[in-house]
Amino acid sequence: MGDENQSDDVSQAALDNVKENEQKENGDAVKSDKIKVDILLKATGNAPIMKKKKWAVDAEKPIGWIMEFVKKYLKLEPEEKLFLYVNQTFAPSPDQIIKNLYECFGTDGKLVLHYCKTQAWG
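Reading guide: rules and limits
For every chain, the first residue of its written sequence is number 1, and the numbers climb from 1 along that sequence. A pLDDT threshold of at least 70 governs which residues receive local features in this predicted model, and a stricter bar of 80 or more applies before side-chain atom pairs are shown or counted, although totals over entire chains, interfaces and linings include all residues. Water and hydrogen atoms were dropped before computing side-chain values, which therefore reflect all heavy atoms in the structure. Salt bridges are defined as contacts in which a side-chain nitrogen from Lys or Arg sits within 4 Å of a carboxyl oxygen from Asp or Glu. Segments assigned H or I by DSSP are reported as helices when at least four residues long, segments assigned E as strands when at least two residues long, and all are numbered from the N terminus. Burial classes follow relative accessibility: with a 1.4 Å probe on protein chains only, a residue under 20% of its type's maximum area counts as buried, one over 50% as exposed, and anything between as partly exposed. This arc corresponds to the set of directions leading from the helix axis out to the C-beta atoms. Any pair of residues with heavy atoms lying within 4.5 Å of one another is described as a contacting pair. Side-chain atoms within 4.5 Å are what join buried Ala, Val, Leu, Ile, Met, Phe, Trp, Tyr and Cys residues into a set we call a nonpolar core. Whether two strands pair comes down to DSSP finding at least two bridges between them. The axes used here are C-alpha line fits, helices contributing only the stretch in contact, and every angle between their N-to-C directions lies in the interval 0 to 180 degrees.

(A) Just the pattern of salt bridges, in detail. Applying the stated criterion across every chain yields a total of two salt bridges. Measuring nitrogen to oxygen at the nearest pair gives 4.0 Å for the salt bridge that ties Asp 38 to Lys 54. Of this pair, Asp 38 sits in strand β1 (residues 36-43) while Lys 54 sits in strand β2 (residues 54-58), placing them 16 residues apart in sequence.

Written out as structure tokens, the structure is:
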């Protein structure tokens with residue numbers, strides 16, 4: 001009778017391992033399906049220059065996320081403004097999705113964004 005309980009415990013442990021592996025595989029599949037967009041960030045005007053200029057970003061993120069990322073990277077004060085421009089022409093709204101901008105304005109496999117601390121274009 002003790003052998004039955006032991007074999008049930010082993011079977012349950014094997015099922016748990018299979019379920020965990022399936023969840024990991026499914027999670028990995030979801031992660032690898034995310035589309036990344038190459039973004040080139042260029043300083044304009046009085047903005048500090050970033051050491052790393054090219055970033056791979058999830059295509060579904062909004063431009064507002066990029067603004068916050070750049071502010072943190074440059075260690076700007078919370079009250080300091082940051083302006084982002086696409087191709088030196090217009091400032092996209094913060095809720096604009098990166099994928100849409102890339103499809104419309106991307107060149108050479110990347111989206112070029114210029115950033116500055118004061119209004120420059122548009």
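(B) Representation of helix α2 (residues 63-73) in the model. Taken together, the buried positions of α2 are Ile 63, Gly 64, Ile 66, Met 67, Val 70 and Lys 71. Looking straight down α2, one finds that the buried residues subtend no more than 155° of arc, so they occupy a single side. Buried residues belonging to α2 abut β1, β2, β3 (83-86), α3 (98-105) and β4 (111-116). Positive backbone phi, at 55°, marks Lys 75, one or two positions downstream of α2.

(C) Looking closely at the nonpolar core. Residues Ile 39, Leu 41, Ile 66, Val 70, Ile 98, Leu 113 and Tyr 115 are the most contacted members of the largest nonpolar core, which totals 24 residues. Mapped onto this core, the elements with two or more residues apiece are β1, β2, α2, β3, α3 and β4.

(D) Quick peek at the sheet that holds β4. Overall, mixed pairing links the four strands, which are arranged β2-β1-β4-β3 in an open sheet. On the outer flanks of this sheet lie β2 and β3, each paired with one strand and no other. For this sheet, the mean angle separating the axes of adjacent strands, direction not counted, is 35°. Inspection of the sheet shows β1 paired to β2 by five bridges, in the antiparallel sense. What sits directly across from Ile 39, in β2, is Trp 55. Sheet strands in contact with α2 are β1, β2, β3 and β4, and its direction is about 140° off that of β2. On the sheet, α3 packs against β1, β2, β3 and β4 and is oriented at approximately 115° with respect to β4.

(E) Quick peek at the environment of Gly 109. For Gly 109, the location among the structural elements is in the loop between α3 and β4. On the basis of relative accessibility, which here comes to 41%, the residue Gly 109 falls in the partly exposed class. Sequence-distant contacts of Gly 109, defined by excluding residues within four places in its chain, comprise Asp 38 and Tyr 102.

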